[in-house]
Amino acid sequence: MSLAACGKVPLRSLLRTGLAWNLLRFCRHNSGSKGLVLGVYEGGKVDEAIQFTKAGELFDNSISGRLKELLTISGPALKKGRSRIFYGLHQDFPHVVVVGLGDKNAEVNSLEQCDEGKENIRAAVAVGCRQLQDLEVPHVEVDTCGDAHCAAEGSVLGLFEYNELKKKKKTAVTVKPYGSLENAAWQRGVTYAEGQNLARHLMEAPANYLTPTSFAEIIQQALHSTSDKIEVHIRSKSWIEEQQMGAFLSVAKGSDEEPVFLEIHYNGSTVSSESPLVFVGKGITFDSGGVSIKPASGMDAMRADMGGAATICSAITTAASLKLPLNVIGLAPLCENMVNGRANKPGDVVRAKNGKTIQVDNTDAEGRLILADALCYAHNFNPKVVVNAATLTGAMDVALGSAATGVFTNSDWLWEHLKAASIVTGDRVWRMPLFQHYTKQVTESQLADLNNIGKYSRSGGACTAAAFLQEFVTVPHWAHLDIAGVMSNKDEVPYLRKGMAGRPTRTLVEFIVSLSQENQKS
Ligand code: BES
Ligand code: ZN
Ligand code: ZN
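Residues numbered from 1 in each chain as written. Chains lettered and ligands numbered in written order. Predicted model: local features only at pLDDT ≥ 70, side-chain atom pairs only at ≥ 80, totals over all residues. Heavy atoms only, no water.

Novice: Sorry, what's going on with the overall build of the protein chain here?
Specialist: For the protein chain, the helix and strand inventory stands at 17 helices and 22 strands. By the compact-globule yardstick of 24 Å for 522 residues, the protein chain fits well, its C-alpha radius of gyration being 25 Å. Seen through its principal axes, the protein chain has C-alpha atoms that stretch 85 × 50 × 45 Å. Counting over 522 residues, the protein chain shows a buried share of 60%. The contacts in the protein chain between residues at least 6 apart in sequence include a share of 76% that link residues at least 24 apart. Accessible area of the protein chain: about 21400 Å², with a carbon and sulfur share of 51%. (Helix = DSSP H or I, 4+ residues; strand = E, 2+ residues; numbered from the N terminus. Rg over C-alpha atoms; globule rule 2.2 N^0.38 Å. Buried < 20%, exposed > 50% of the residue type's maximum accessible area, 1.4 Å probe, protein only. Contact = heavy atoms within 4.5 Å. Areas by Shrake-Rupley, 256 points an atom, 1.4 Å probe, with all protein chains shown as cover.)

Okay, here's the thing in C-alpha cells:
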C-alpha cells in the first residue's frame, strides 16, 4: 500500500488545496466523518496514466481536478489492488481512498473461468473500505465502478470480520453507493454478500457456541426475517430414529450433544406443487475424527465442518430475501463427530435409510455417513435437482486447493448451470469424475454392501467419497460439491479476510437465480 497519508503528501500541494488545517483536524478525529472509495483504471499510455471511472471523473470535476493533480504528483500510477489515501479534499468527504481497478477492458477469461472485470471491482472496493475502517471512518460511500452489484459485494464481504467474542471490535461501517442510480443492483449485491457472511459467521463460530441446536435456531431466525413463504422443521433425535437414518445416528451417538435434522422450505413458486430444488449440507459442528482420531494440530478448523450446511442454508435464506419465484428445500443433518463409549468403532456395520449396509472402517469418514441418509430423504420431495455441499475430504484440498469447489455430477445440464453461475460470482467450480472405477472401490466390502473408505484408502479420496454418495442417489440431476478446499481463506481471495470463507454461497445463490429465470421463461 502506498499511502499519501498525513504528512506524506507534499505540504506544498496541501497548502495549495487550502485544506491543511482540515487535514490535521480530520486525522485526529474521525467519529461521524465520511469516507469515499474511488476506483481508477490502469492507464494504457504514459499521457493517460490516470483513467477515472464515471464517478471519479465527477468527483474530480467537483474539486477542479485536484484529485488528478495529487494522484499524479504522489507516486506512480496505481496498480491493480493498490491504494492511496487523500485527506481534506472535499468538505463532504474528509477521506478519499483511490484504488486501482486494473485493466478497463477486463472481462471473462475463459481459461481462468472467471469474470476478471467483476473480480477486480470486488477486490478494489474491499481494499478501500477496509482502509477506511482501519481509520475508524464509520460512513463510507463507494464508487460502483460500473457494476453496483459487485461493488456492494466487495464492500460487504471485505468488511466482514467475526469478532463477536472479542471485547475490542472493529469500527462498524455503513456503506452506500456514491452518486449512483443503480440502487437495486447495489441492494442485490448487499443481499448476496450478507448471505455469504451468514455462512462465514456460522462456520467461524466455535463449536461450544455453535451446536446443532443453535445452528438450527440461527437459520430459523434468519429465514423468518426474509419472507412469510417459509417452513422450518427442527427434527429431533426421535424423528431421526423413526426415519431409520441409521448411518446418521451412528455418528451422532458418539457425542453428548443432541443431533438435529434441519429441514427448511422456501415456497417461492406461484405454483405450489412445482418440483423443488433440494439442497443437502453436511452439518458436522465439530469433527474430531472419532475413534480414528485426527491429529491435534489444526483440529480447531473442524468447527467449520458444517460448512456444507451453512452454505446451503445461507443460500436458501438469500433466495428467500430476493423473493425468487421457485421452491427450494434445504436439508441439514447436524451433529458432532466425537469419541465416547458409544462411538462408532472401525469395522462396525451400520444401516442407512435405504437399507444399504455400510462398514465403517474409518470413523473420520463420517460426512458421507450422515449425507447418505439425508440424500435418501431428499428423494421424498420429487426434486427437480439435488445438490449437496460438504467439507468432505482432505483429498479435495490436495487436488484443487482453494481455487475452486470440486463438482461431481451425473448431469451435464446441471454442470453447465453451476459453472455459468460461478463465472459470474468469481467463486469457481471445477468438474471432477464420477467413474465406475471409484464406485468399485467402495462397493467391495468384507462385511457390508459398502465400505466408508476406498479400497486404496488415500488414492483419489475425493472421488471415492463422491462415488460412495452416488450409491444413495437415483435422481437424474444430482451434484455433489466438495468444499473442503475452499473452506477457509488465508489471502487467496483478496476481498475475504483471513478466516472461514463461506464459499460457495454466492455461486449457489446465482445458480438458484438462473433456474428461477429459466422457470419464468418456460
Ligand atoms: N471433515 C473432514 C474433511 C476435511 C479435511 C475438511 C480438511 C476440511 C479440511 C472429513 O470428515 C474427513 O476427515 N475425511 C477424511 C476421509 C478419509 C478418512 C477417507 C480425510 O479426508 O482424511
Ligand atoms: Zn472426518
Ligand atoms: Zn468431517
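Novice: Is there a simple way to explain the site of ligand 1 in this structure?
Specialist: Around ligand 1 there are 16 residues in total, and K294, D305, D364, E366 and G394 lie nearest to it. A distance of 2.9 Å separates a nitrogen atom of ligand 1 from a polar atom in the side chain of D305. Within the backbone of G394, an N or O atom sits 2.7 Å from an oxygen atom of ligand 1. Summarising the interface, the protein chains cover 78% of the accessible area of ligand 1, which totals 520 Å² for the free molecule. Classifying every residue of the shell around ligand 1 gives five nonpolar, four polar and seven charged. (Near = heavy atom within 4 Å. Polar contact = N/O pair within 3.5 Å; in protein donor to acceptor, adjacent residues only side chain to side chain. Nonpolar A, V, L, I, M, F, W, Y, C, P; charged D, E, K, R; others polar.)

Novice: What is the right way to read the coordination of the zinc ion (ligand 2) from this model?
Specialist: Coordination angles at a metal have ideal targets, namely 109.5 degrees for four tetrahedral donors and 90 or 180 degrees for six octahedral donors. Around the zinc ion (ligand 2), the protein contributes the donor atoms D287 (OD), D364 (O), D364 (OD) and E366 (OE), at 2.0 to 2.2 Å from the metal centre. The site at the zinc ion (ligand 2) holds six donor atoms, and with the angles between them running 71 to 170°, its shape is irregular. For the zinc ion (ligand 2), all donor residues lie on one chain, and their spacing in sequence is D-x76-D-x1-E. The metal-metal distance between the zinc ion (ligand 2) and the zinc ion (ligand 3) is 3.2 Å, with D287 serving as a donor to both. Of this pair, D287 sits in strand β12 (residues 283–287) while D364 sits in the loop between β15 (357–360) and α12 (367–378), placing them 77 residues apart in sequence. (Donors = N, O, S within 2.8 Å, 3.2 Å for Na, K, Ca; no water. Tetrahedral: all angles 85-135°; square planar, octahedral: opposite > 155°, others 65-115°.)

Novice: Would you explain the pairing of strand β8 (residues 174–177) in this entry?
Specialist: Remark: a regular strand shows side chains that alternate across the two faces of the sheet. As defined by bridge partners, strand β7 (residues 139–142) adjoins β8 across four bridges and the pair is classed as parallel. Each residue of the ladder has a partner; that of E141, found in β8, is K176. (Pairing = 2+ DSSP bridges.)

Novice: What is the right way to read unusual backbone geometry from this model?
Specialist: Apart from glycine, the bulk of residues carry a negative phi angle, and the bulk of peptide bonds sit in the trans form. That bond from R503 to P504 is cis: its omega, 0°, falls within 30 degrees of zero. Relative to the helices and strands, P504 is located in the loop between β22 (499–500) and α17 (505–521). Positive phi is not limited to glycine here, since S64 has a value of about 55°. Take S64: it is sitting in the loop between α3 (54–62) and α4 (66–73).

Novice: I keep staring at the coordination of the zinc ion (ligand 3) and nothing clicks. Help me out?
Specialist: Around the zinc ion (ligand 3), the protein contributes the donor atoms K282 (NZ), D287 (OD), D305 (OD) and E366 (OE), at 2.0 to 2.4 Å from the metal centre. Around the zinc ion (ligand 3) sit six donor atoms; with metal-centred angles ranging over 76 to 174°, the donor geometry is octahedral. Every donor residue of the zinc ion (ligand 3) comes from the same chain, spaced as K-x4-D-x17-D-x60-E. A relative accessible area of 1% means that K282 is categorised as buried.

Novice: How should helix α8 (residues 212–224) be read in this particular structure?
Specialist: What sets the pattern is the α-helix's 3.6 residues per turn: residues three or four places apart point alike. Its 13 residues give α8 an end-to-end C-alpha distance of 18 Å, which sits within 8% of 18 Å, the value for a rise of 1.5 Å per residue. Within the sequence span of α8, burial applies to P212, S214, F215, A216, I219, A222 and L223. (Expected span 1.5 Å × (residues − 1).)

Novice: Can you help me understand helix α15 (residues 436–443) in this one?
Specialist: Of the residues making up α15, those classed as buried are Y438, T439, Q441 and V442. Relative to the axis of α15, the buried residues are bounded by an arc of 160° and lie together on one face. The exposed set on the far side of α15, more than 90 degrees from its buried face, consists of Q436 and K440. Of the surrounding elements, those touching the buried residues of α15 are β19 (450–451) and α16 (461–470). (Arc of directions from axis to C-beta.)

Novice: For this particular structure, what's the right way to read a nonpolar patch on the surface?
Specialist: Side chains of V291, I293 and V339 sit close together on the surface and give an oily, nonpolar patch of about 250 Å² of accessible area. As for its placement among the helices and strands, V291 is situated in the loop between β12 and α11 (307–321). (Patch = residues over 30% accessible without salt bridge, like charges linked within 9 Å, V, L, I, M, F, W, Y side chains within 5 Å. Salt bridge = Lys/Arg side-chain N within 4 Å of Asp/Glu carboxyl O.)

Novice: What exactly am I supposed to notice about the packing of helix α6 (residues 148–159) against helix α7 (residues 183–204) here?
Specialist: Two measures define how a pair of helices packs: the angle their axes make with one another and the distance between the axes. Relative to each other, α6 and α7 sit at 35°, their axes nearing to 7 Å. Seen from above, α6 lies across α7 with right-handed handedness. For the pair α6 and α7, the contacting residues are A148, H149, A151, A152, E153, S155, V156 and L157 in the first and A185, W186, R188, G189, V190, Y192, A193, E194, Q196, N197 and R200 in the second. Residue composition of the contact of α6 with α7, by class: 10 nonpolar, five polar and four charged. (Axes fitted to C-alpha atoms, helices over the stretch in contact; angles between N-to-C directions. Left-handed = near helix turned anticlockwise from the far one by under 90°.)

Novice: When you look at the nonpolar core in this model, what are you seeing that I'm missing?
Specialist: Burial of nonpolar side chains together is a common tendency in soluble globular proteins. Formed by 64 residues in total, the largest nonpolar core has its most connected members in F215, I219, L262, F279, L481, F511 and I512. Per-element tally for this core: the top contributor is α11, with eight residues. Listed in part, the 51 residues of the second largest apolar core include I284, L371, V386 and A390. (Core = buried A, V, L, I, M, F, W, Y, C linked by side-chain atoms within 4.5 Å.)

Novice: When you look at the pattern of salt bridges in this model, what are you seeing that I'm missing?
Specialist: Side chains carrying opposite charge are able to pair once their charged atoms draw close together. The final tally for this structure, using the stated rule, is 20 salt bridges. Its salt-bridge partner being E112, residue R428 comes within 3.2 Å of it at the nearest N-O pair. Residue R428 is located in the loop between α14 (412–425) and β18 (429–432), and its partner E112 is located in the loop between β5 (108–109) and β6 (114–115); the two are separated by 316 residues in the primary sequence. R428 gets classed as partly exposed once you look at its relative accessible area, which sits at 21%. The partly exposed category is assigned to E112, whose relative accessible area is 37%. The salt bridge partner of E204 is R303, with a shortest N-O separation of 2.5 Å. Here the residue E204 occupies a position in helix α7, and R303 occupies one in the loop between β12 and α11, the gap between them amounting to 99 residues. Just as E204 is buried, R303 falls in that class too.

Novice: Any chance you could explain the environment of D147 here in plain terms?
Specialist: Along the polypeptide, D147 turns up in the loop between β7 and α6. Linking D147 and G189, residues 42 residues apart in sequence, is a C-alpha distance of 9.6 Å. Residues within four places of D147 in sequence aside, it is in contact with K118, I121 and E182.

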